Structure formats: C-alpha cells, structure tokens
Amino acid sequence: MAKDSSYRQPLFCWQGVVYLVKGARCYRAGLSHKPGLDLTFWRQRGYQQLEVLTPPLPLGTAAFLHNLVAGCLENGALGVKHAQIAAALKMGQSRLGLPPWPHTGALPIAPLSPPPPAELALVREVLAGRILWREELAQALAERKLGVNTPLEDLGHWLYLAGEVSLLPGVGYDPDGRPRCRRCGQATGLVKVSCAACGQADCLLCEGCLAMGQSRRCRPLYARPWPSSVKPPVRPPEIWRPRLQFDLTRAQADAYREAGEFASQDKEKECLLWAACGAGKTEVAYGAIAAALARGCRVLYACPRKEVIRELHLRLQVVWPGLRLQALYGGSPGKYGPADLTLATTHQALRFYRCFDLVVLDEVDAFPLAGDPMLYHAVARARREQGQTLWLTATPPPELVARVRKGQLAVIYLPVRHHGYPLPRPEFIRETFLKPPGKGPLPRSLVRCINTTLAEGLQLLIFVPAVYMVTGVVDWLVAAWPGQAQPGDWVRGCYAAHPRREEVIAAFRRREFPVLVTTTVMERGVTIPRLHVLVLYADDERVFTASTLVQIAGRAGRSVEYPAGRVWFIARRLSQAMAEAVRQIREFNDLARRRGYLK
C-alpha cells in the first residue's frame, strides 16, 4: 500500500554507499553516509584502498547489500574475487527489485578529520542502554545540557565503526529480502511513502510503532547496550531497602521473600508472580526490586497503562526516597535522565536497548500488551541478555500457565488477599430464555440480585459485553423495574468512550447512586469498599474470557470493611470460560487454605 503526503515530515534521511576496504591481510566491507570518514578510520588501522561498490542508497537497502558482501569476505578473505562480490550484489539487487547501476569504484574520496574524542564520549554516555534516532539523541544531549559541534550522524557512525554502537535502519530486510521494522520487530504494517528529505517515492515506513515516531528505511537507529565494564554502584541498605508503610501479611511476606530470592541469584531468568486480585502483588514485587538494587542492578518496572505508572511513581517515591526514580509515559517530562529504578509504559520501553538487569512486567495479560508482539519485543530487548524478568498478574496468559504446568517457568503464588478472607466464588444463575435489553420483562434473577444489594445497603457493578448494551440495560432497568421506582437517579452507565466517564465513576465511588452498568473498562484498577458484582450475558465468550471473568470477580470483596462481596454470573448456559474462571478461583482458595493463610 502506498501513502504519500501524510508522512512528509522532514527527518534525517540516511543515504550512503557500500564499499570495500583493503588491508594487509584481508578485505572488509563497510557502509557509510560519508566515505571520507570511513577512509580516515580505516587508515588509522592499516587499511588503505577504499572502493565504492554502490551508488547512494537508503540505509535499509545498503545494510542488506553490505551483509551479502560481508558474507563473501568471511569465506574468502584476500582470496575472494570481485566476481563473487559482484554476483552477491546482483543477487541482492534482484531480491529487492533494484535497477542496475553503473560501476562506481573509481570515485575519488578525500579523508576527513575524525570526531573529537570528548564529543564521542558524550554520545557514548547518553546512548548507554538506549536505541535512539538521531533526533532523539539530540534531545537526550539537550536534556542533560550537553552540546556537540560535530554532526550527530558522524559521531554515531564513528562509534559504529569502532564497534561500540549498532547502526540499524528503521526498516531493514531479513536475509531473504523481506522487510521488517528494526525498532518494533514487526514484519506487517509496512507501507510505501514518499521521503521528504531525499524525494524518493518508495521509502518504507512502519505503521505499527508510528505513535512513537516514524520508523523508515532511510532513518538510522543508534543502539548501545549498557556497558558491562561499568561497575554497579555500591548502594547502602538505607537506599535499597524499601520503607513499607504497613506490615506484610504472612502470605505476602512469604511471596516477598521468594521474589527476593529469585532476584538474588542468576540461575532462573524468568519467574511468574501469580497473585489473587487485590492480594498486593506490587508490594510483593518490592522484594525482587530491593534484592536487585542491593546487587547494584538496574531495574525496569513496565506496565501497559500510563495511569498505573503515574500512580506507582508517587507510591515508590515514598517507598524509596533515596533512589533516582524516573517515570516514562506519553507526555511525561524528561525522557533521557539517569535513574536507578525506571517506571515505564511498555511503549516507552522501545527506547531502551539491553539496559536492565531486572524487568518487572505488570499486567502482562492486559490491553494493549496482551496480544501485541511489538510490546513484548520492546520489553524483551530492554532487558540485558543475561537479565531477569518477573511477570506479575492475577490472570496469566495460557502460554505462561502452560510453562508453569510443565515446570519450565518458576512461579510464586500469592493466593490470598491481605484481609485473609477467601476470594468470592462466582454464583452461576441460568436464564435459559435471557433476552436482549428491553425485550420483555426484566429477568427475575436480575431483580433479585439488585434487591439483595439494595437491602444490604451495598453497591452493584453490572458488567455487559457490549457498549450498546450499557444504555440498553440502564433504560431497561428504569422502564421495567417492578413495583415502586427507586428514588432519584439510582442506575447509570459508563464505557471507555463515554463523554462523562470519569464523572460517572467518581459519583459512583462517592456512593451517590447504587447501581452502575459498565463494560470491561471497569474490570481492572477499581476498588469499591462495599460492592457486589454481576455479569449479565456472562456466556458471551467473545468478551468474557476466563481471565476477564476472574478480573471482574476480583472487584468484589477487596476491602476489609466488607470482604463478603458476592459475584453473580447470569447467562443462558455455562460457558467454558465461566467454568474455568470458577475453577481458578476455587484452586486459589484451596491453596490459601492448605498454606494456612485463610481466616
């Protein structure tokens, strides 16, 4: 698919050549936007002749051809024949559909002065653990109030020649010539666009990570792992030890200790912290974070939602007042400062490269992380190759559960809430002839659940599987409520795009009305002290998966003020997801009982 004017924002456009340089014992292949710079670099290392093999090409194309030529040299060293190289280039041209070009080897090249070492040191420093565009590199320097006079692409290229930095095209090609975004890792969603800088009409752009800036075939990424030569800082216990504002329960203390043991060793690289909804998994994760900090490690706490990161930032400033904390999310101030503990949305992880010793990944099954390979790619690449990952969730995705069952993934269970009461077990109410909202009288079971809630002076969350059903069920309840109508505005609705969503939710939290009809937008991050939960049309498996139902059920009984909140599933049939949700909740209660955690 071709797109045009919408992507005409001018950005640095890398156009360069593939070349061959000859030393005393071997050839080397290279690629450069400024061959005179490369000639200087190679002359300092005993190489002399530099022969240009191609005309100026976008970086993605040049990198693909460079790899083919380098493959020839590995096999033949000085014995390699130019005919072999020409054949490799011709094969590459064929795979990418490039037109033939005239011989370019005789182009005169003048050596250029090398970049100042002090400026190279600055770029080396700000790139540590990062993967950045040239424009982001400039922003990182400016944020730290550092300045250079040499073009940043020259500084980055010199570090690339020295083997300290990887030079990657935003969109490159795999060995078979298939395009792939080198920033987000995706092979789909790549479109042809016009390049505002060079005027070419067939540049490739990735739409998968467009929200984080344009990833294009002609745009270079500079990546540098966090250097292993940098010794970890010695942090005294008063810095790395968390200042908890409460006492951990026995279950939390056990899980906290296990999390700390995981981060204190190098054997296990991954671990799942599988916690009941409302059990305090974040506080338990402090054990792993503290253990990593004590070892001088760098830690990333990643989560799909920026609201969680913002709220967590405030909490962790209290828990670790002596640490350098950085919170990264869309619109956050400052993106490139140093930090001991980084909090970031999974999208922001795209700017890190082999940086963290421990990655704590929260809400691993939540939107938009769930089912988005780009975000998993970003978080995995942000971790150092020998680093560790701690997954946090109440509802792990099937692949993680399967690995736990097979003994391939370490697991820490936190099966009980802080108040020590069991999780509410959902009650299945079968309504064989359950109709759409407004079609016929209200189901008697629904009326009974609402009456039970109102009689106890509690509140009720009613979940429905579609946005249009929110208004439909509200109108249905108001119009068909039996007997005397409830006083005032007793039932309201909200959904993700509701124009007054926050206002409605805030009023419900203030107990201004007792019944709220909603979609799965309320399945996480909601704690109402005195609450029952009802899922209407619970057998709609397109929306109500087992994980979703477990999360929804987890809204009830969270508070010590009222741990006996009830959960009702009303449906025409018992779906597999409903049965699985009930099974998971029962298993957690059984585990908590066996370990003696329940009251």
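That block above? That's the structure.
The model shown is predicted, which means the values in this text are computed figures rather than measured ones.

(A) The arrangement of the sheet that holds strand β15 (residues 325–328) in detail. Pairing is parallel in the open sheet, where seven strands are placed in the order β15-β16-β14-β17-β18-β13-β19. What marks the edges here is a single partner per strand, and that holds for β15 and β19 (410–414). Strand after strand, the sheet turns through a mean of 15 degrees between neighbouring axes, direction not considered. Inspection of the sheet shows strand β13 (residues 270–275) paired to β19 by five bridges, in the parallel sense. When the sheet's bridge partners are listed, Ala275 is paired in β19 with Leu414.

(B) Examining the packing of aromatic side chains more closely. By the definition in use, this model includes twelve aromatic pairs. Ring centres 5.0 Å apart and planes at 55 degrees place the aromatic pair Trp481 and Trp490 in the tilted group. Exposure class is identical for Trp481 and Trp490. Each is buried. An aromatic cluster is built from Phe41, Trp42, Tyr47 and Trp158, whose rings are joined through pairwise contacts. Here the basic side chain of Arg45 rests over the ring of Phe41, its NZ or CZ set 3.5 Å away from the ring centre.

(C) A look at the state of the cysteines. The final tally for this structure, using the stated rule, is zero disulfides. Free cysteine: Cys13, not disulfide-bonded; nearest cysteine sulfur from Cys218 at 3.7 Å. Of the residues examined, Cys13 reaches a relative accessible area of 14% and is grouped as buried. The closest cysteine sulfur to the non-disulfide-bonded Cys303 is located on Cys277, 14 Å from its own sulfur.

(D) Molecular detail of the pattern of salt bridges. What the rule picks out here adds up to 35 salt bridges. Close ionic contact of Asp489 with Arg492 constitutes a salt bridge, the shortest N to O distance being 3.6 Å. Assessed through its relative accessible area of 47%, Asp489 is described here as partly exposed. A salt bridge links Arg524 to Glu523; its shortest N-O distance comes to 3.1 Å. Side by side, Arg524 and Glu523 carry an identical accessibility label, which is buried. Linked through salt bridges whose partners overlap, the residues forming this network are Arg134, Glu135, Glu153 and Arg219.

(E) Focus on the nonpolar core. Ranked by internal contacts, the top residues of the largest apolar core, which has 162 residues, are Leu316, Trp320, Leu341 and Leu390. Discounting residues that sit within four places of it in the chain, Trp320 has contacts with Ile239, Trp240, Arg241, Pro242, Tyr286, Ile289, Ala290, Leu293 and Leu341. Val464, Val470, Tyr495 and Leu534 belong to the second-largest nonpolar core, a separate cluster that totals 28 residues.

(F) Seen up close, the environment of Leu598. Its place among the elements puts Leu598 in the segment after α17 (576–594). The class for Leu598 is buried, based on a relative accessible area of 19%. On a C-alpha basis, the gap between Leu598 and Ala251 in space is 9.5 Å, while along the polypeptide they are 347 residues apart.

(G) Region of interest: the sheet that holds strand β12 (residues 220–224). Taken together, the three strands give an open sheet; going across it, the order is β5-β12-β6, and neighbouring strands pair in antiparallel fashion. Single-partner strands in this sheet number two, and they are β5 (130–133) and β6 (166–169). Along the sheet, successive strands turn relative to each other by an average axial angle of 25 degrees, direction set aside. Strands in contact with helix α5 (residues 134–143) are β5 and β12; relative to β5, the strand with the most contacts, it is inclined by about 110 degrees.

(H) Quick look at the pairing of strand β14 (residues 299–303). In terms of residue burial, β14 counts as a mostly covered element, since five of its five residues are buried. Side chains Val299, Tyr301 and Cys303 of β14 all project onto a buried face; the interleaved residues Leu300 and Ala302 project onto the opposite face, where all are buried too. As judged from the five bridges shared by β14 and strand β16 (residues 341–345), these two strands associate in the parallel manner. Bridge pairing in β16 links Cys303 to Thr345. Pairing of β14 with strand β17 (residues 356–362) involves four bridges; the strand directions are parallel. Paired with Val299 across the two strands is Leu358, which belongs to β17.

What counts as what
- Residues numbered from 1 in each chain as written.
- Predicted model: local features only at pLDDT ≥ 70, side-chain atom pairs only at ≥ 80, totals over all residues.
- Heavy atoms only, no water.
- Pairing = 2+ DSSP bridges.
- Helix = DSSP H or I, 4+ residues; strand = E, 2+ residues; numbered from the N terminus.
- Axes fitted to C-alpha atoms, helices over the stretch in contact; angles between N-to-C directions.
- Phe/Tyr/Trp six-rings, centres within 6.5 Å; stacked < 30°, edge-to-face > 60°.
- Buried < 20%, exposed > 50% of the residue type's maximum accessible area, 1.4 Å probe, protein only.
- Lys NZ or Arg CZ within 6 Å of the ring centre and 35° of its normal.
- Disulfide = S-S within 2.5 Å.
- Salt bridge = Lys/Arg side-chain N within 4 Å of Asp/Glu carboxyl O.
- Core = buried A, V, L, I, M, F, W, Y, C linked by side-chain atoms within 4.5 Å.
- Contact = heavy atoms within 4.5 Å.

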